[in-house]
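Chain and residue survey
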Amino acid sequence: MKPMIDLKKQYLDIKDEVLSILNEILEGSQYVLGKRVLELEENVKKYHGVKEAIGVASGTDALHLSLKALGIGEGDEVITTPFTFIATAEAISYVGAKPVFVDIDPKTFNIDPIKVEEYISSRFTAHGSRIKAIIPVHLYGQAADMDPIMAIAKKHKLKVIEDCAQSFGGDYKGKMTGGFGEFGCYSFFPSKNLGCYGDGGMVTTNDTEMAEKVKALRNHGSKVRYYHSVIGYNSRLDEIQAAILRVKLKRMKRFNELRNRNAHLYSKMFEGTGITPPFEDDNGMHVYHQYTVKTSGRERIIEALAKEGIASAIYYPVPLHKQDVYKNDYQGLSLPVTEKVSNEVLSLPIFPELTEEEIKKVVSTILTVLG
Ligand SMILES: *Cc1c(COP(=O)(O)O)cnc(C)c1O
């Protein structure tokens, strides 16, 4: 089966470097939050041009700890997109706040700033406001429209937490995603653009005080060992994952360029067919965590690809307000763009090492179905 992302191919390319570092770490005796985590944090800071970077246990934790550090909790509302991985909303629920789902832009699939403003206006006049923050997600590797989002946040004194789990290295108008809001939250799950060999995540911020809070929260609310000032968590990054991430971070620019190149090869081949290739907004470089097309004939395509041993996936088949876990709280909420798009999207294999031949094969298989 040709997978969505071939992690083995990438491993074989970096194997020698990874194995020698693993051996060094295993023979040393510092396995959690040691010098490799510090080095990775330094490297990520430089890469993004931000003041602070804090390694945590996952992308979900990065979001959760950011919300905690901002003091968001019971009774508060946090605006986000319904068209994302569940973790974005879960983090809001963890702190006792309510996710407010606002519809997306039909072209970029990212949260629509006009709808954000509409929601805020309606709530400010009617009820005062419990709205505390906005979490835009840079979906599939394309930056959300940050200028209007930041302007809305400023006007209404809201915090912005960017969910960058899919956009490591992507930018908006020349500035990397993650550097706009109070926090940038990253996931290093193996399939992400920068992925480790287990779970991992990172929080970035330009606010030193906030960084101190996240650092304490990730480690049992403690700044000095065995002295605890708040209830924290066990959310640390380990040395092995940090060291592997450093090996990959050195190659990150090239990896993202290759993803972008592969996406363009696909899109060119889909020109003039019944497949709608992803829209690329010229605000920044799309780093193609996913290559996601729109089609009305999704089921037949999935079947034809599977017959050829080619994987495909639907990110995401059910919008968050329609998920079992949330649907009772959002009865009557209609988000037509999201609901339509979730029936049409299909993601195809994309990764740096994918070859032009393989892309041709995927496309020709799809085109035979379309006839
Ligand atoms: C992967 C992902 C997360 C969660 O990251 P984990 O490291 O798996 O916890 C959050 N948000 C989005 C958009 C993601 O794609």
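Put simply, an interface is often sized by how much accessible area is lost when its parts join up. Per the domain assignment, the segments making up the protein are domain 1 (7-101 + 109-249) and domain 2 (252-370). Taking only C-alpha atoms, the centre of domain 1 and the centre of domain 2 are 24 Å apart. Each partner contributes to the interface: domain 1 provides 38 residues, whereas domain 2 provides 38 residues. Surface buried jointly by domain 1 and domain 2 totals about 3,100 Å² across both partners, of which 58% is contributed by carbon and sulfur atoms. Among the residues domain 1 hides against domain 2, the three largest losses belong to Phe101, Tyr140 and Asn193. Together they make up 24% of the total. Of the charged contacts in the structure, one is a salt bridge between Glu358 and Lys9, with a shortest N-O distance of 3.5 Å. Summed over the shared surface of domain 1 and domain 2, the result is 21 residue pairs in polar contact (both at pLDDT 80 or more). Broken down by secondary-structure element, the contributors of at least two residues to the side of domain 1 that touches domain 2 are helix H1 (7-27), helix H4 (87-94), strand E3 (98-101), strand E6 (171-172) and helix H8 (239-249). Taken together, the residues of the side of domain 1 that touches domain 2 break down into 15 nonpolar, 13 polar and ten charged.

A separate point is the layout of surface pockets. Quantified by volume, the largest pocket comes out at close to 560 Å³. Every residue lining the largest pocket is counted, 24 residues in all, and those nearest its centre are Leu33, Arg218, Asn219, Ser222 and Arg236. Broken down by secondary-structure element, the contributors of at least two residues to the lining of the largest pocket are helix H2 (35-48), strand E1 (52-56), helix H7 (208-218) and strand E10 (222-224). With five residues, the top contributor of residues to the lining of the largest pocket is H2. In this structure, the second largest pocket occupies an estimated 460 Å³ of space. Taken together, 29 residues form the lining of the second largest pocket, with Phe85, Gln166, Phe189, Ser191 and Lys192 sitting closest to its centre. Contributions of two or more residues to the lining of the second largest pocket are made by helix H3 (59-69), H4 and strand E8 (183-187). Taken domain by domain, the makeup of the lining of the second largest pocket includes at least three residues from each of domain 1 (7-101 + 109-249) and domain 2 (252-370).

Taken together, seven strands build an open sheet; the order of strands is E1-E9-E8-E5-E4-E2-E3 and the sheet is mixed. The sheet terminates laterally at E1 and E3, the two strands that pair on one side only. Across the sheet, the mean angle from the axis of one strand to that of its neighbour is 25 degrees, orientation sign disregarded. Here two bridges tie strand E4 (residues 131-135) to strand E5 (residues 159-163), and the two strands are oriented parallel to one another. Residue pairing in the sheet places Ala133 in a bridge with Lys159 of E5. Where H2 meets the sheet, its contacts fall on E1, E8 and strand E9 (201-205), and the angle it forms with E1 comes to roughly 135 degrees.

Taken as a whole, H4 has its buried residues at Ala87, Thr88, Ala89, Ala91 and Ile92. Packing partners of the buried residues in H4 comprise H3, strand E2 (77-80), E3, E4, E5 and helix H11 (324-327). At the exit of H4 stands Gly96, carrying a positive phi of roughly 90 degrees.

Let us now look at the nonpolar core. Counting residues in hydrophobic clusters, the biggest one holds 24 residues, and the most contacted among them are Leu67, Ile72, Val78, Ile161 and Phe183. Where this core is concerned, the elements lending two or more residues are E1, H3, H4, E4, E8 and H7. The greatest single-element share of this core, amounting to five residues, is contributed by H3. The contacts of Phe183, once residues within four sequence positions are left out, are Ser66, Ala69, Leu70, Val160, Ile161, Glu162, Gly178, Val203, Thr204, Thr205, Met210 and Val214. Of all hydrophobic cores here, the second largest spans 22 residues; its members include Ala263, Leu265, Ile310 and Ile350.

Conventions adopted
Residues numbered from 1 in each chain as written. Predicted model: local features only at pLDDT ≥ 70, side-chain atom pairs only at ≥ 80, totals over all residues. Heavy atoms only, no water. Domains from an automatic or database assignment. Contact = heavy atoms within 4.5 Å. Buried area = accessible area lost by both parts, 1.4 Å probe. Salt bridge = Lys/Arg side-chain N within 4 Å of Asp/Glu carboxyl O. Polar contact = N/O pair within 3.5 Å; in protein donor to acceptor, adjacent residues only side chain to side chain. Helix = DSSP H or I, 4+ residues; strand = E, 2+ residues; numbered from the N terminus. Nonpolar A, V, L, I, M, F, W, Y, C, P; charged D, E, K, R; others polar. 1 Å grid on protein atoms, 1.4 Å probe; cavity = no way out; pocket = protein on both sides within 12 Å on 5 of 7 lines; lining within 4 Å. Points joined across faces, edges and corners; volume = space filled by probe spheres on them. Pairing = 2+ DSSP bridges. Axes fitted to C-alpha atoms, helices over the stretch in contact; angles between N-to-C directions. Buried < 20%, exposed > 50% of the residue type's maximum accessible area, 1.4 Å probe, protein only. Core = buried A, V, L, I, M, F, W, Y, C linked by side-chain atoms within 4.5 Å.

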